Amino acid sequence: MSSRSVSLTSTFLLLAAGGAAACDNDDDYQDAGFYCADANGTVVDEDYCDDNDNNGGSGLGVLPFFIWYSSAYRPGYPVGSVLPAGGNRFAYNDRAARQSFGLPASGKIANGTVKTSVVGKGGAARGSGKSSGG
């Protein structure tokens, strides 16, 4: 009987460990960096993504602007640089998307803003990738 008890205990421990590992998926909630950028992922002045500034999201009158985000984005990309490939975006004035990431519903978001534990929460985001052709 002793070997049967050890076998059942070992099996239970393996199942419990596997179940805990399946529930603890750190990839679901990673930190993300946020930037104001054009449709190609080129960083622009954050004023272009300020919906309280009445610029219509296109201060140049030609290009729409977006809030780009990714767990790969870190603070420090200057205006004019192209964000690394693999980011996602949403319209600068999409209040629901902003709030789903813990950002203010309106107003300016500083380039390089990092929010913790947000990737995986933002179901409202669109544009699941970008071309890498800078």
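Just above, that's the structure.
**Focus on the overall build of the protein**
- A count of helices and strands for the protein gives 2 helices and 4 strands.
- Going from the N terminus to the C terminus, the protein shows its helices and strands as α-β-β-β-α-β.
- The burial tally for the protein puts 31% of its 134 residues in the buried class.
- By sequence separation, contacts in the protein at least 24 residues apart represent 69% of the contacts at least 6 residues apart.
- As presented, the protein carries roughly 7,600 Å² of accessible surface, and 53% of it is formed by carbon and sulfur atoms.

**Describing the state of the cysteines**
- Tallied over the full model, the rule gives 1 disulfide.
- Here Cys 36 pairs with Cys 49 through a disulfide, and the sulfurs are 2.0 Å apart. Between Cys 36 and Cys 49, the disulfide has an S-S torsion of 80° and is therefore right-handed. With Cys 36 in strand β1 (residues 30–38) and Cys 49 in the loop between β1 and β2 (65–70), the pair connects residues that are 13 residues apart, well separated along the chain. A single burial state applies to Cys 36 and to Cys 49, both of which are buried.

**Description of the pairing of β1**
- Across the 9 residues of β1, 7 count as buried, placing the element largely inside the fold.
- Across 6 bridges, the pairing between β1 and β2 is antiparallel. Bridging across to β2, Cys 36 finds its partner in Ile 67.

**Describing the nonpolar core**
- Judged by nonpolar contacts, the single largest core of 14 residues is most densely connected at Phe 34, Cys 49, Ile 67, Phe 90, Phe 101 and Leu 103.
- For this core, the elements supplying multiple residues, two or more each, are β1 and β2.
- Among the nonpolar cores identified, the runner-up in size contains 7 residues, and Tyr 35, Ala 37, Phe 66 and Leu 83 belong to it.

**Describing the pairing of β2**
- With 6 of 6 residues buried, β2 lies mostly within the body of the structure.
- Because side chains alternate across β2, one face comprises the buried residues Phe 65, Ile 67 and Tyr 69, and the other comprises Phe 66, Trp 68 and Ser 70, equally buried.
- Pairing between β2 and strand β3 (residues 88–91): 4 bridges, direction antiparallel. When the bridges of β3 are listed, Phe 66 appears paired with Ala 91.

**A word on the side chain of Asp 50**
- Mapped onto the elements, Asp 50 comes out in the loop between β1 and β2.
- Buried and unpaired, Asp 50 has Lys 108 as its nearest opposite-charge partner, separated by 5.1 Å.
- Of note is the side chain of Asp 50, whose polar atom sits 3.5 Å from the backbone nitrogen of Lys 108.

Rules used in this analysis
Going along each chain's sequence as written, the residues are numbered from 1 onward. Two thresholds apply to this predicted model, a pLDDT of at least 70 for residue-level local features and 80 or more for giving and counting side-chain atom pairs, whereas whole-chain, interface and lining totals are computed over all residues. To obtain the side-chain values, all non-hydrogen atoms of the structure were included, while hydrogens and water were left out. Where helices and strands are cited, they refer to DSSP runs of H or I of at least four residues and of E of at least two residues respectively, numbered from the N terminus. Here's how the labels work: a residue is buried when its accessible area is under 20% of the maximum for its type, exposed when over 50%, partly exposed in between, all with a 1.4 Å probe on protein chains only. Contacts were defined at the residue level, with two residues in contact if any of their heavy atoms lie within 4.5 Å. Throughout, the Shrake-Rupley method with a 1.4 Å probe supplies accessible areas, and for residues the shown protein chains are the sole cover considered. When the sulfur atoms of two cysteines come within 2.5 Å, that pair is taken as a disulfide. By the convention used here, strands pair only if DSSP detects at least 2 bridges between them. Residues belong to a common nonpolar core when they are buried Ala, Val, Leu, Ile, Met, Phe, Trp, Tyr or Cys residues joined through side-chain atoms within 4.5 Å. Charged residues are defined here as Lys and Arg on the positive side and Asp and Glu on the negative side; His and the ends of the chain fall outside this count. By salt bridge we mean one thing: a side-chain nitrogen of Lys or Arg within 4 Å of a carboxyl oxygen of Asp or Glu. Definition of a polar contact: a pair of N or O atoms within 3.5 Å, with one able to donate and the other able to accept a hydrogen when the atoms are protein atoms, and with sequence-neighbouring residues admitted only if both atoms are side-chain atoms.

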